[in-house]
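As a plain string of letters, each chain reads:
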Amino acid sequence: MTKSIEVKDLTLNFGSVSVLKNMNIDVQEGEFVVLLGPSGCGKSTLLNCLAGLLDITEGQIWIKGKNVTWSEPSARGIGMVFQSYALYPQMTVRGNLSFGLKNQRMPKDEIDRRVARASEILQIGPLLDRKPGALSGGQRQRVAIGRALVRDVDVFLFDEPLSNLDAKLRSELRVEIKRLHSKLNNTMVYVTHDQIEALTLADRIAVMKGGVIQQLSDPQTIYNKPSNLFVAGFIGSPSMNFLHGKTVDGGKAFHFGDHKIDLAGYDGGAVLERDQAILGVRPEHITVSHDAPAGPSIPAVVEIDEHLGADSLLWLKAGTKELCVRVPVEGRLPAGTKVHLGLDIAKASLFDNKTEQRI
Amino acid sequence: MADTALPMTKSAVVPSGTKPRRILSGRNIMLYGILIVVCLYYILPLWVMVMTSVKGMPEVRLGNIFAPPVEITFQPWVKAWSEACTGLNCDGLSRGFWNSVQILIPSVILSIVVASVNGYALVNWRFKGSDVFFTILIFGSFIPYQVMLYPIVILLREMGIYGTLWGLVLVHTIFGMPILTLLFRNYFSSIPEELFKAARVDGAGFWGIYFRIMLPMSLPIFVVALILQVTGIWNDFLFGVVYTKPELYPMTVQLNNIVNSVQGVKEYNVNMAATLLTGLVPLVVYFISGKLFVRGIAAGAVKG
Amino acid sequence: MGGDPENRTLKLLKVGAARDLGGPFSALYSRGERMSGQPKRLLRNLNAKIAAIPMVLTTLVVFVGGTIWTVVYSFTDSKLLPRLRWVGFDQYERLWSNSRWMVSIENLMFFGVLSLVFTISVGFLLAVLMDQKIRYEDTFRTIMLYPFALSFIVTGLVWQWILNPQFGIEGIVRGWGWESFSFDPLNNPQTVLYGLLIAGLWQGTGFVMCLMLAGLRGIDEDIWKAARVDGIATWKTYLVVIVPMMRPVFITTLVIVAAGIIKLYDLVVAQTSGGPGGNASQVPAMYVYDYMFQAQNLGQGFAASTMMLLSVLIVLIPWAYLEFGGKKHG
């Protein structure tokens with residue numbers, strides 16, 4: 001496979017403020033990459049740089065083997081879909097779809113052919129002669145996707161396309177975008193702050209913070225082996241439980257309060273002995289039992305039981321430390337119940353306290 | 001948030017029962033009484049103008065300026081339009097009217113075109129220093145015109161248009177620029193930026209986006225600007241006096257010269273007819289435009 | 001691109017590595033590329049830069065250039081034509097020893113203070129009345145605002161006529177039998193400014209009322225609800241809560257009205273021509289015009305207009321400091 005987008009040493013400063021710092025990303029042809037992060041992390045800014053809507057300070061952007069660092073947005077071979085749809089209100093749907101093609105001075109029959117094809121794929125045929133004001137949110141976003149589609153380009157850029165839709169429509173269109181991707185097989189770069197969208201859509205996710213990519217990896221790895229504390233805390237809801245303690249016995253065990261947890265089976269690098277370390281365990285990787293299991297375990301008291309329908313969240317207190325555990329519905333326990341917690345070390349992550357990197 | 005707001009709005013809608021509001025409550029009589037008296041003060045001059053302008057001179061001399069005419073005559077209007085004398089000529093206000101029209105049309109078009117493009121460039125195509133120029137522009141609108149009067153005379157003379165209508169058109173374009181640019185900048189910045197980005201991805205350039213995207217979306221603000229400029233330029237006096245020759249004086253200057261001319265017998269009815277005629281264009285614009293006029297003047301006050 | 005997720009997980013993970021390796025080389029490389037990119041950058045958005053030329057010329061040549069030119073030439077003895085023969089502060093000394101200028105300044109101060117106080121207080125009171133959810137609000141507003149659409153020349157001439165001692169208010173009241181009644185402000189140097197004030201207020205209060213009303217409408221409805229729940233009387237709410245909240249509106253209005261007053265010219269020309277008695281209602285703008293374009297004493301005109309600029313700056317600088325400078329600190 002060949003590279004579709006290459007970002008080389010991209011830096012963007014607004015005055016003295018550094019917004020994007022020395023970024024390097026390669027996106028393969030046909031790949032679906034999601035830029036994920038909290039607001040202000042620079043993910044939309046990066047997308048705007050790719051589109052050519054922002055001039056970068058340093059570095060280069062290559063698309064399809066061409067240096068497009070200083071090219072006009074329309075000359076980069078990209079299509080873009082915006083959060084607010086950004087449909088031209090005074091034009092009909094057909095006018096919206098064909099505006100870009102008319103600017104390229106494309107022959108009329110070719111425009112008609114492309115509009116027809118896009119409206120067939122997106123099932124917006126009956127809407128073609130309406131104005132955007134007469135469409136629902138979901139329909140508008142379909143038209144916005146259509147506008148990228150008619151350009152017949154290899155790279156699609158999505159800037160939080162589903163954020164303005166309600167939850168039901170969002171999941172519908174999410175599936176549709178996925179279907180579109182497998183059908184067209186083109187490169188997609190997709191910005192979102194919604195981790196469900198990221199985890200379901202992406203081939204790879206780039207988690208960003210403060211203008212720096214924290215981790216760029218497939219969803220599975222991001223979820224199971226977050227490369228640092230930020231990624232670990234940002235991905236997953238409710239958040240990963242973090243236990244502050246130290247590693248002892250040459251890295252064979254983790255000391256948390258008075259409890260010693262065996263680290264045998266930890267999937268990571270050399271643990272060594274560290275005075276300060278953080279053990280991260282996701283809520284679904286903790287088991288709850290009434291009786292103390294054979295090995296070492298952590299005693300805790302149930303404080304709140306949050307029923308979510310399919311499963312349930314138990315908020316517990318182990319000493320002064322608050323923990324959250326996801327249990328099946330039949331494992332629900334009333335508040336005040338004393339239990340013992342067992343941790344699934346094979347799926348846990350251990351972080352160095354200072355560098356915040358995963359060990 | 002929504003839960004707490006709901007009962008409050010309910011209690012605001014359902015009257016509590018202790019204080020039923022009657023139309024003729026003391027409070028309302030006071031309120032409307034004051035407003036009506038105030039409105040009389042505002043209407044009075046218009047009333048006086050109209051009444052005086054349709055009376056004959058004998059009746060004006062006899063009577064009360066507030067009283068309606070016994071006998072209506074439109075002779076003063078005819079005279080004001082075509083015969084009234086300034087110190088220089090006696091062709092009435094018509095000359096000034098047509099001069100004003102000739103000044104107004106190009107000034108309004110040019111100033112709106114320039115300012116709308118400015119506003120658009122300031123919002124969507126910022127370049128290094130564009131905000132500095134905008135700030136100077138806004139602060140420049142506070143500089144007394146008197147400070148710039150003479151340098152502009154020199155400028156116009158160098159360009160060879162001093163004393164011509166085109167010189168005045170240029171002056172109106174320059175001095176209309178701050179307020180109009182502010183108006184358009186504020187309006188364009190309320191248009192989602194993503195729309196502009198989408199158009200760029202679609203390959204539209206500076207003028208393409210201006211004409212095909214921005215312009216069709218901004219008709220209301222163009223109307224506001226139009227109202228602002230028509231009334232503003234029509235009412236101008238100072239620039240008309242300074243930058244044109246007597247035969248090209250706009251209507252306001254012509255009016256002042258007619259009414260305040262020291263020669264001959266004062267014909268108050270003709271003077272009021274002339275005053276009313278001069279005020280008619282902005283008044284018509286004002287009464288037709290309604291709330292848009294308010295929006296226009298408020299735009300000058302609300303700093304973006 | 002259907003399946004094979006395994007393959008995708010193996011794709012290059014370049015972030016960290018490239019950052020570590022690329023360092024100096026990539027910097028060189030990108031600089032070389034930018035050499036070819038940079039000239040383009042100057043030409044980028046060329047149309048936008050061309051479109052901004054009128055604005056740039058206006059600000060630089062007229063607003064900045066013109067102002068500096070006038071200030072510079074106010075230190076010369078220019079008469080009929082501007083010439084650069086320096087005379088230091090001569091023009092200013094002459095200006096401040098000229099009784100006509102002194103009268104102009106006194107008039108402007110007197111008229112300015114009264115008209116500021118009245119337009120703003122009356123404008124605010126009217127706005128409060130209009131804010132009582134009254135019927136026919138649009139009609140009332142239309143009536144109060146229409147004078148603002150008129151030229152100062154029209155305003156001046158109408159009020160000149162209404163205040164005419166023979167036929168106007170004085171004449172009518174005398175006609176009713178009150179023979180000693182006297183109301184002739186325009187022909188008495190002591191009272192002529194009140195005559196101007198009546199006309200000025202007629203034209204300007206509607207405008208201030210609209211600004212204030214917009215300010216009142218901009219206040220969150222919940223503030224009123226909270227005040228009602230707390231049992232605060234309406235008038236007290238206005239005084240204690242609303243007026244302080246409207247501080248920015250008051251300041252902006254003050255600046256706009258004050259800047260307008262300093263420019264005061266047309267109204268005086270039309271209503272009194274600067275009289276009675278030659279210069280009882282003179283204002284600085286008139287002084288400037290007369291010296292520049294009538295008396296052919298440009299130097300005096302420049303010095304007088306520079307003083308006008310100075311007075312605007314005295315209004316403007318504290319305001320700009322409060323509006324923009326204050327934010328940086330707070």
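Everything numeric here is computed off the predicted structure, so don't read it as measured data.

### Considering the nonpolar core
Among soluble globular proteins, nonpolar side chains are generally buried collectively.
Alright, step 1. In this structure, Tyr243 of chain B together with Met144 of chain C are the most contacted members of the largest nonpolar core, which totals 232 residues.
Alright, step 2. It is helix α10 (residues 192–217) of chain C that contributes the most residues to this core, 15 residues altogether.
Alright, step 3. Grouped together as the second largest cluster of nonpolar side chains are 45 residues, Val34, Val115, Ala198 and Val231 of chain A included.

### Comments concerning the interface of chain B and chain C
Alright, step 1. Facing the 86 residues of chain B at the interface are 89 residues of chain C.
Alright, step 2. Where chain B abuts chain C, roughly 7,900 Å² becomes buried across the two surfaces, and 79% of that area is made up of carbon and sulfur atoms.
Alright, step 3. If you sort the residues of chain B by the area they bury against chain C, Tyr42, Phe142 and Tyr150 of chain B come out on top, with a joint share of 10%.
Alright, step 4. The tally of links between chain B and chain C comes to one salt bridge.
Alright, step 5. In this structure, the salt-bridge partner of aspartate 138 of chain C is lysine 291 of chain B, at a minimum N-O distance of 4.0 Å.
Alright, step 6. Counting the contacts that link chain B with chain C gives 17 residue pairs in polar contact (both at pLDDT 80 or more).
Alright, step 7. Its residues placed into classes, the side of chain B that touches chain C shows 64 nonpolar, 17 polar and five charged.

### Description of the packing of helix α13 (residues 251–259) of chain B against helix α14 (residues 268–289) of chain B
Between two packed helices, the angle of one axis relative to the other and the distance separating the axes together describe the packing.
All names here are of chain B.
Alright, step 1. For the pair α13 and α14, the least separation of the axes is 10 Å and the interaxial angle reads 170 degrees. In terms of orientation, α13 lies roughly antiparallel with respect to α14. Residues Met251, Thr252, Leu255, Ile258 and Val259 of α13 form the contact with α14, whose participating residues are Asn271, Ala274, Thr275, Leu277 and Thr278.
Alright, step 2. In terms of residue class, the contact of α13 with α14 is made up of six nonpolar, four polar and no charged.

### Considerations on the pairing of strand β6 (residues 78–81) of chain A
All names here are of chain A.
Alright, step 1. Residue alternation in β6 divides its side chains into two sets, Ile78 and Met80 and Gly79 and Val81, and both sets are buried.
Alright, step 2. When β6 meets strand β7 (residues 155–159), the two strands line up parallel, connected through four bridges. Bridge pairing in β7 places valine 81 opposite phenylalanine 158.

### Overview of the sheet that holds strand β5 (residues 66–67) of chain A
Residues and elements named next belong to chain A.
Alright, step 1. Spatially, the four strands line up as an open sheet ordered β2-β1-β4-β5, and their pairing is antiparallel. What marks the edges here is a single partner per strand, and that holds for β2 (17–28) and β5.
Alright, step 2. Of the strand pairs in this sheet, strand β1 (residues 3–14) and strand β4 (residues 58–63) are connected by five bridges, and their pairing is antiparallel. The residue bridging isoleucine 5 from the neighbouring strand is isoleucine 63, located in β4.

### A word on helix α8 (residues 152–162) of chain C
An α-helical turn contains 3.6 residues, so any two residues separated by three or four positions project in the same direction.
Residue and element names in this part refer to chain C.
Alright, step 1. Counting buried positions along α8 gives nine out of eleven residues, so the element sits mostly inside the fold.
Alright, step 2. For α8, every residue scored as buried is listed here: Ile153, Val154, Thr155, Gly156, Leu157, Val158, Trp159, Trp161 and Ile162.
Alright, step 3. One side-chain oxygen of the residue at the start of α8 lies 3.0 Å from the amide nitrogen of isoleucine 153, identifying that residue as serine 151.

### Focus: the sheet that holds strand β10 (residues 212–217) of chain A
Residues and elements named next belong to chain A.
Alright, step 1. Pairing in this open sheet of six strands is mixed, and the strands run β6-β7-β8-β3-β9-β10 from one edge to the other. This sheet does not close on itself; its edge strands, each paired only once, are β6 and β10. On average, adjacent strands in this sheet sit at an angle of 15 degrees to one another, irrespective of strand direction.
Alright, step 2. Strand direction decides the pairing type here: strand β3 (residues 32–36) and strand β9 (residues 204–209), joined by four bridges, are parallel. Along β9, the bridge assignment pairs valine 34 with isoleucine 205.

### What about the domain arrangement of chain B?
By a frequent convention, interface size equals the accessible area lost on bringing the separate parts together.
Residue and element names in this part refer to chain B.
Alright, step 1. With domains assigned, chain B is organised as domain 1 (21–73) and domain 2 (94–301).
Alright, step 2. For domain 1 versus domain 2, the distance between C-alpha centres works out to 33 Å.
Alright, step 3. Contact residues are listed per partner, giving ten residues for domain 1 and ten residues for domain 2.
Alright, step 4. Between domain 1 and domain 2 lies a buried interface of about 740 Å² when both sides are counted; carbon and sulfur atoms form 80% of it.
Alright, step 5. Contact with domain 2 buries area across many residues of domain 1, yet Met49, Ser53 and Met57 alone supply 59% of it, more than any other trio.
Alright, step 6. In this structure, the connection of domain 1 to domain 2 is made through zero salt bridges.
Alright, step 7. At the junction of domain 1 with domain 2, the criterion picks out one residue pair in polar contact (both at pLDDT 80 or more).
Alright, step 8. Looking at the side of domain 1 that touches domain 2, the elements with two or more residues in it are α2 (26–53) and α3 (57–62).

Conventions we followed
Residues numbered from 1 in each chain as written. Chains lettered and ligands numbered in written order. Predicted model: local features only at pLDDT ≥ 70, side-chain atom pairs only at ≥ 80, totals over all residues. Heavy atoms only, no water. Core = buried A, V, L, I, M, F, W, Y, C linked by side-chain atoms within 4.5 Å. Buried < 20%, exposed > 50% of the residue type's maximum accessible area, 1.4 Å probe, protein only. Helix = DSSP H or I, 4+ residues; strand = E, 2+ residues; numbered from the N terminus. Contact = heavy atoms within 4.5 Å. Buried area = accessible area lost by both parts, 1.4 Å probe. Salt bridge = Lys/Arg side-chain N within 4 Å of Asp/Glu carboxyl O. Polar contact = N/O pair within 3.5 Å; in protein donor to acceptor, adjacent residues only side chain to side chain. Nonpolar A, V, L, I, M, F, W, Y, C, P; charged D, E, K, R; others polar. Axes fitted to C-alpha atoms, helices over the stretch in contact; angles between N-to-C directions. Parallel < 35°, antiparallel > 145°, perpendicular 65-115°, else oblique. Pairing = 2+ DSSP bridges. Domains from an automatic or database assignment.

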